[in-house]
Amino acid sequence: MRVRSFIKALPFTHPFTISKGTKTHQPTFIVELELNGIVGYGEAPAIAYYNIPVEKMQADLLAKQTFVEKFAFTTPDRYWHYLHHLLPLNGFLVSALDMAAWDLFGKIRRQPLYKLFGADPANMPVTDYTIGIDSTEKMIEKMKETPWPVYKIKLGTDRDIEIMESLRRHTDTPLRIDANAGWTKEEALEKITAFAAMNVEFIEQPLAKDDWEGMAWLYERSPLPLVADESCVYEQDLAKCEGHFHGINIKLTKCTGITPALRMIADARKRGMKIMLGCMNESTIGSAALAHLGPLADWLDMDGPLLLSEDLATGLTYDFGKVSLPSAPGLGITVQL
C-alpha cells in the first residue's frame, strides 16, 4: 500500500460564522491510499476548537508512514483498529485514512459504499442548508440566494429570538437550530420555548459539551428535541448522552471514521435515539462518505460543498435538498486535486 497526502484551503462563498468565531476558508487534509493500482480517497477538515490542524495531520502521517503502508489490507474495520492504536492522539487523521480505506474497499468489491452498508437510497433524508450568524438582513439574503426545503440556523448570540422572529417573517420553511454550546440552561429553556412556536425541528448542542447536569435539567423541560454534537464525539460518549439528549449528531471526522460511525448508528438505534449525520464543511470527498451513510439516519446536514466556492471532486448532486448517491464503486466520485 502507498499513501500520499495533500493540504488544501477551500474558500467559503460567504464568511462562515458560528458562536465560536468566523472563518473565510476551510483548511482540509486529503489522503490517497493506493493498492495494486486502485486508489481510495479520504478527507478530514481542521476545526479550530478540536486543536488538530492540517499540519499536525500531515506531520503525524509522515512520522508513521511506514507503518500505515505496511499493513496487509483486507477489510476497512481491521485497518481502522490498527490505525486507532497506531495514531491514538490524532482521530482526524485516522478518520481520513479510514474513509480512504472504505473507498478502496468498495472499488475492490466493485460496489458503491451504500450497498456495502445495506443502505437504501430511497430512505435518504433531505439535507439542510446552513445559515451562519450574521446580521438578520444578511441571513435573509442568504436564504433568498439559496431557496431550500430546510435550513440550519447558527445561533448563540444575545439576539437569538430577534433573529428567529425576523427569519420567520421571511419564510415558513422548517428550521433547525445549532447553538454550538452557546447558551446557559436558563437561557436555553427561554429561547427553546419561544422557538417551539416557530416550526423548529430540533435544537443542536444548546449547552457546553460537559454540562451534563444542565443537560439533564433541560432534557426534562425542553419542548423540542435536543441533539448532541460536541457532547458526543466518540462512540463511548453515546451512553452518556442517553437521558440528556434525544438524538446524536455523528460526524465522521470527530468520531474517527466510517467504521465507528456504523457502530454508533447501530447503538443509537438500540437506545431509541434519533440520528443526525453532520458535516464539518468537507468538500465532495468527505461529503460523499457521509452521503452513503445518509439513508441510515433521520436527519442529514451535508451542505459543505454548497457553502464552499471551490471543491475537490465531482459526483454528488444536490437538487433542492435531495442528494443523489453516485452508483460508481466506493465513494463513487471523481477527485480533482
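Worth saying up front: this structure is predicted, and the values here are computed from it rather than measured.

Calculation criteria
Residues numbered from 1 in each chain as written. Predicted model: local features only at pLDDT ≥ 70, side-chain atom pairs only at ≥ 80, totals over all residues. Heavy atoms only, no water. Pairing = 2+ DSSP bridges. Helix = DSSP H or I, 4+ residues; strand = E, 2+ residues; numbered from the N terminus. Buried < 20%, exposed > 50% of the residue type's maximum accessible area, 1.4 Å probe, protein only. Right-handed = clockwise from strand over helix to strand, strands pointing away. Arc of directions from axis to C-beta. Contact = heavy atoms within 4.5 Å. Core = buried A, V, L, I, M, F, W, Y, C linked by side-chain atoms within 4.5 Å.

Pairing analysis gives 13 bridges linking strand 1 (residues 2–18) to strand 2 (residues 21–35), with the strands arranged antiparallel. Each residue of the ladder has a partner; that of P11, found in strand 2, is H25. Counting the residues that bridge the hairpin from strand 1 to strand 2 gives two residues. When strand 2 meets strand 3 (residues 38–45), the two strands line up antiparallel, connected through eight bridges. Looking across to strand 3, one finds that E32 is bridged to Y41. Hairpin geometry of strand 2 and strand 3 is characterised by an intervening segment of two residues between the two adjacent antiparallel strands and by a positive phi of about 55 degrees at N36.

This brings us to the pairing of strand 6 (residues 175–178). Residue alternation in strand 6 divides its side chains into two sets, L175 and I177 and R176 and D178, and both sets are buried. Sheet analysis places strand 5 (residues 151–154) next to strand 6, joined by four bridges and oriented parallel. Bridging across to strand 6, Y151 finds its partner in L175. Regarding topology, helix 7 (residues 160–170) serves as the crossover connection from strand 5 to the parallel strand 6, and that connection is right-handed. Sheet topology places strand 6 next to strand 7 (residues 200–204); three bridges connect them, and they run parallel. Paired with L175 across the bridge in strand 7 is V200. For the crossover that starts at strand 6, traverses helix 8 (residues 185–195) and ends in the parallel strand 7, the hand is right-handed.

Here we come to helix 9 (residues 212–221). Of the positions making up helix 9, those classed as buried are W212, G214, M215 and L218. Axial view of helix 9: buried residues confined to an arc of 150 degrees, hence all on one face. For helix 9, the exposed residues lying more than 90 degrees away from the buried face are E213 and E220. Its buried side turned inward, helix 9 meets helix 8, strand 8 (226–228) and helix 10 (238–241).

The next subject is the nonpolar core. By size, the foremost hydrophobic cluster in this structure holds 114 residues, and its most contacted members are L97, M164, W183, F195 and I248. Per-element accounting of this core gives the leading share, 11 residues, to helix 4 (residues 91–109). With residues up to four places along the chain from it excluded, the contact list for I248 reads V227, A228, C232, L238, C241, M264, A268, M273, K274, I275 and M276.

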